[in-house]
Amino acid sequence: MVKQLSLILILAFFALVLNAQEDSETLEVSRIEVNNYTWKENRVSTNQANHSSFEILNNEFENAHEVTEACLSCHTKRDEEIMATSHWNWERSEMLEGKGAVPVGKKNILNNFCIGVAGSEASCMRCHIGYGWKDQSFDFDEPRNIDCLVCHDNSGTYEKAKGGAGYPSPTVNLNYVAKNVGLPKRENCGVCHFWGGGGNNVKHGDMEIALIDGSRELDVHMAIEGEDMSCVDCHVTEKHQMAGKLYALSSENKDRATCEQCHTDSPHANQTINDHNLRVACQTCHIPEYAKANGTKMIWDWSTAGVLDDEGNPIHESDADGNHNYLSIKGTFVYDDHVTPEYLWFNGIANHQLITDKIDTIPVQMNSLDGSYKDKGILQKSLHPSKIWPVKVHRGKQVYDTENMTLIQPKLWSANKGDSAYWMDFDWDMANKAGMDYLDLPYSGNYDFVETEMYWPLNHMVAPKEQSLSCKDCHTRNNGRLAALNDFYLPGRDKNKYLDGFGIALVVMTLFGVLAHGSIRIFISRKNS
Amino acid sequence: MKQVYIYKFFERFWHWMQALLIGILMITGFEIHSTYNLLGYETAVNVHDISAWAFLVLIVFAIFWHFTTGEWRQYIPTTKLVKAQVDYYLFGIFKGAHHPTKKLIYNKFNPLQRIIYLGLKVLVIPVQVISGFLYLYFHYPLKGFELDSLELVAIFHTFGAFMLLVFVIAHVYLTTTGHKPLSAIKAMVTGWEEMDDETIRERMADDIEIALLKTKSQFKGGSGESEILDNALTTAQEKAGIKAILKDNKFRDAISSSGVGYFCISKEGNYLEVNDSWAKLYRYESQKEIIGKHYRLSRTDEDFADLEKSVEKVLQGETINHGEVKRICKDGTFGYHTLTLAPVVTDGNIIAFEGFIIDTTDKLLAEKELLKKKIRVEEKLRSKNT
């Protein structure tokens, strides 16, 4: 009876345990499962109209505005869609903590690269999807000002002029470009987004021209020998509104393009790893390093700018990799490649140091990412718990008003000398005054340079899975990736030194006691025999 | 030397499974704690998780087993003899003294074991299970039930791990303090523990005393008989120090299936009372056949003299735990059993004596067969050699 009971218990035990094991061994599928995505081999070239046969595009265009008119003659009302986008307005209203609803965007937010666009529009607006934004007089309600081609050019020949306030180069054949339009490709987005900060990969660190024909090692999604995805495959677009946002400029946790939209929040066979997604962003493990092809700017010190050569001409100096390390117009730089990200808690909400804000922390936090281990998302600022994110931190030193204690927007660019533009005249005081006057903001006349930090959450250059982080990269005693993120207890990294000391002492004492006891027993029994 | 069956089948399975799982959990757990690198962190975590679930299932089964079999009573703590035990491990063991406690079927743990094992069961393992669950499911501060920090959980879990490690070291060492260095481990593997004759005799005596209960529960009739047994019971209880156990019905039932024979014989030597088991062991069809007859019937002539001497002593007030004796059954065949004899006292006068018998015939016959075989083999070998 007892024996039967035992047998039943034992058999049931094994049945339960083995069954549980089977469940946990969900076989990994040969290809990653994704939602809302069409595999490359299943894509059909969309039924895009062949624009080359359209008569209206054969008439020689006098200027770029005429191209836009031609586009809008068929694509009616698209101008209204465009005019509702941030790509057009370079600002939108966002809630900033402690500041309420504020219009923020490239129009008015300062960074610690080229600082800001105000006063230098004619140059900066080379990256605006419009024609003619050279100063504050630009008409945002004029549909003819829209530049359709910069995004839709599939000919690869379209180019905006330097210092041309967004107009194309005179060399561009507008008719040829207009006949070869289509969905935006990586090149279209990249022409601005790869070149932010005045050079390839300067700003983001994870977005640069190498992605146009990149390898799988560089980025699993965009690799040409792989899925060859375009930007808009993830940055899903409806009515010209593109999903995704950049926290250098925006603040609220909305309209984001996420990994989960294709991969779900539990893409791994291992549940423990899926659980990490509650508090660890996909990017943290899957973007182990950035700037994997070309270097990215890590430090920009404006305070050294202005040194000219004997003839009074600006100096260019480059480091061994060919990256600038000194420019008279901009100061000193440090580039780096294959950079390990820094890791921060982030709940999707950012704040910004506005030009009107007093400086109260040094380094000045140009944009601050909100979040902490204890931020659970509920009844707090964001609906989602903070997650650990990989971030590029760009450190700088830039001009500020020592009396008003605000950052300064200097006027940097002008086509001519004597216009107070720093890049022409190398006079900070004049440039500061011109820039602040342009914005109708006070400038005391006293300035210095202050250290700044800016945070760029990383999203691109997703590594092949075999290169993603493994447990020990973080769950390790010393020098792990998360060594600096210590507002929480991380198994494998943290321990209670008193408990461990006590435990080890206890174990050692027990071992010693047992050995001593045993030795005495052996000794005495030998003696007796 | 003799073998005594101590650990039942499931008990042994449970013990070794638990040993295996605790070992795995310990090895992987300390790797997760970054104490060393062995299997790789991910493997360690996965193995730790799976073993934790297996352990949980095992715990559920073990709890079920402990309660259905009543074995949980083995863990009721007692302070009796603790000091003697400590003295033994600190001094006596070096002088070759006997361990102050005995290992019995109904009382197989000594007081230290009871305390330590109970501590493991109700303290350390629950702490590990609960903190392990918190580790698995509530490690992130999230909505609902949540933890603001994993630190406290980690402290408890690590503390439990150290306790278990210390326990394992001491436990493994103490297995060597048995009759022979490996006899305790051998017993845990086979269930049979090697004991010397003296220990077995003591063990049997104790088991018989506990078995008194069974007989008592079989008496349904007169209050006089019940009283006799009550006295005997009290004696046995006091001796065994297991009052809490004997009061329990389940335990009595367990004893009632053990087949212990009871007899009560008058001062003059005539059977007053025997129980069912006794009658069966002596191959009587009913108890009535023997009542009123003399106990001389139960022995061969030469053995009877021995018994008479014992009875004399018992009638003087002594209690005797006999070793193995040979009985003559009704049909003239022989059987073997162990025997206890105790006086029955009423108003200060010994009016009868009573006792219990536990059959050992099967075992003895088996041993004899083995011996015969051994002799045959030896003879064969000898003839071959010559």
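Given the structure is predicted, the values throughout are model-derived calculations rather than measurements. Throughout, residues of each chain are indexed from 1 in the direction in which the sequence is written. A letter from A marks each chain and a number from 1 marks each ligand, given out in the order of writing. This being a predicted model, a pLDDT of at least 70 is required before a residue's local features are given, and a value of 80 or more before pairs of side-chain atoms are given or counted; all residues contribute to the totals for chains, interfaces and linings. Values shown for side chains rest on all heavy atoms present in the structure; no hydrogens or waters enter the calculation.

Q: Got a minute to help me understand the pattern of salt bridges in this structure?
A: Should their charged atoms come close, side chains of opposite charge can pair. Within this document, salt bridges are pairs made up of a side-chain nitrogen of Lys or Arg and a carboxyl oxygen of Asp or Glu, the two lying within 4 Å of each other. With the rule as written, the count across this model stands at 21 salt bridges over all chains. The salt bridge partner of Arg395 of chain A is Glu342 of chain A, with a shortest N-O separation of 2.9 Å. Of this pair, Arg395 of chain A sits in strand E13 (residues 387–401) while Glu342 of chain A is found in strand E9 (residues 342–346), placing the two residues 53 residues apart along the sequence. A 1.4 Å probe rolled over the protein chains alone gives each residue an accessible area, and that area as a share of the maximum for its type sets the label: buried under 20%, exposed over 50%, partly exposed in between. When its relative accessible area of 31% is taken as the criterion, Arg395 of chain A is described as partly exposed. Here Lys330 of chain B ties to Glu285 of chain B by a salt bridge, and the two come within 3.9 Å at their closest N and O atoms. Of this pair, Lys330 of chain B sits in the loop between strand E5 (320–328) and strand E6 (334–346) while Glu285 of chain B sits in the loop between helix H11 (276–281) and helix H12 (301–315), and the two are 45 residues apart along the sequence. By relative accessible area, which is 70% here, Glu285 of chain B ends up exposed. One network of salt bridges, with partners in common, ties together Glu342, Arg395 and Glu453 of chain A. For helices the rule is a DSSP run of H or I covering at least 4 residues; for strands it is a run of E covering at least 2, with both sets numbered from the N terminus onward.

Q: Honestly, a nonpolar patch on the surface in this entry has me stumped. Any pointers?
A: Residues and elements named next belong to chain B. Nonpolar side chains (Val, Leu, Ile, Met, Phe, Trp, Tyr) within 5 Å and like charges within 9 Å form the patches, drawn only from residues with over 30% relative accessible area and no salt bridge. All accessible areas in this document rest on Shrake-Rupley with a 1.4 Å probe, and a residue is counted as covered only by the protein chains that are shown. A surface patch of nonpolar side chains, amounting to about 360 Å² of accessible area, comprises Trp16, Leu182, Ile185 and Val189. Looking at the secondary structure, you find Trp16 in helix H1 (residues 9–32). Using a relative accessible area of 37% as the deciding quantity, one classes Trp16 as partly exposed.

Q: Even after reading the chapter, I still don't get the interface of chain B and chain A, so can you show me in this structure?
A: Interface size is often expressed as the accessible area that is lost when the parts come together. Contact between two residues is taken to exist if any of their heavy atoms lie within 4.5 Å; hydrogens are not considered. Counting residues at the interface gives 50 residues for chain B and 51 residues for chain A. When the two sides are added together, the surface that chain B and chain A hide from each other amounts to roughly 4700 Å², 74% of it contributed by carbon and sulfur. For the pair chain B and chain A, the interface holds zero salt bridges. Pairs of N or O atoms are called polar contacts if they sit within 3.5 Å, as long as, within protein, a hydrogen donor faces a hydrogen acceptor (for residues adjacent in sequence, only side-chain-to-side-chain pairs). Taken together, the links from chain B to chain A amount to 14 residue pairs in polar contact (both at pLDDT 80 or more). At the level of secondary structure, the elements contributing two or more residues to the side of chain B that touches chain A comprise H1, helix H2 (41–69) and helix H5 (151–174) of chain B. For this classification, the nonpolar set comprises Ala, Val, Leu, Ile, Met, Phe, Trp, Tyr, Cys and Pro, the charged set comprises Asp, Glu, Lys and Arg, and every other residue, Gly included, is treated as polar. Taken together, the residues that form the side of chain B that touches chain A break down as 33 nonpolar, ten polar and seven charged. In this description, buried area is defined as the sum, over both parts, of the accessible area (probe of 1.4 Å) that is lost when the two are combined.

Q: Mind showing me how you'd approach the pairing of E5 of chain B here?
A: As a general feature of sheets, a regular strand has side chains that alternate between the two faces. Residue and element names in this part refer to chain B. We treat two strands as partners when DSSP finds at least two bridges between them. The pairing of E5 with E6 spans eight bridges and is classified as antiparallel. When the bridges of E6 are listed, Lys326 appears paired with Tyr336. What sits between the antiparallel neighbours E5 and E6 is a turn of five residues, in which Gly332 has the positive phi angle 90°.

Q: Looking at this structure, I do not really get the sheet that holds E6 of chain B. What am I missing?
A: Paired through backbone hydrogen bonds, the strands of a sheet run either parallel or antiparallel to each other. Residue and element names in this part refer to chain B. Overall, antiparallel pairing links the five strands, which are arranged E4-E3-E7-E6-E5 in an open sheet. The sheet terminates laterally at strand E4 (271–274) and E5, the two strands that pair on one side only. For this sheet, the mean angle separating the axes of adjacent strands, direction not counted, is 30°. Angles shown run from 0 to 180 degrees and are taken between the N-to-C directions of axes, each axis being a line fitted to C-alpha atoms and, for helices, limited to the stretch in contact.

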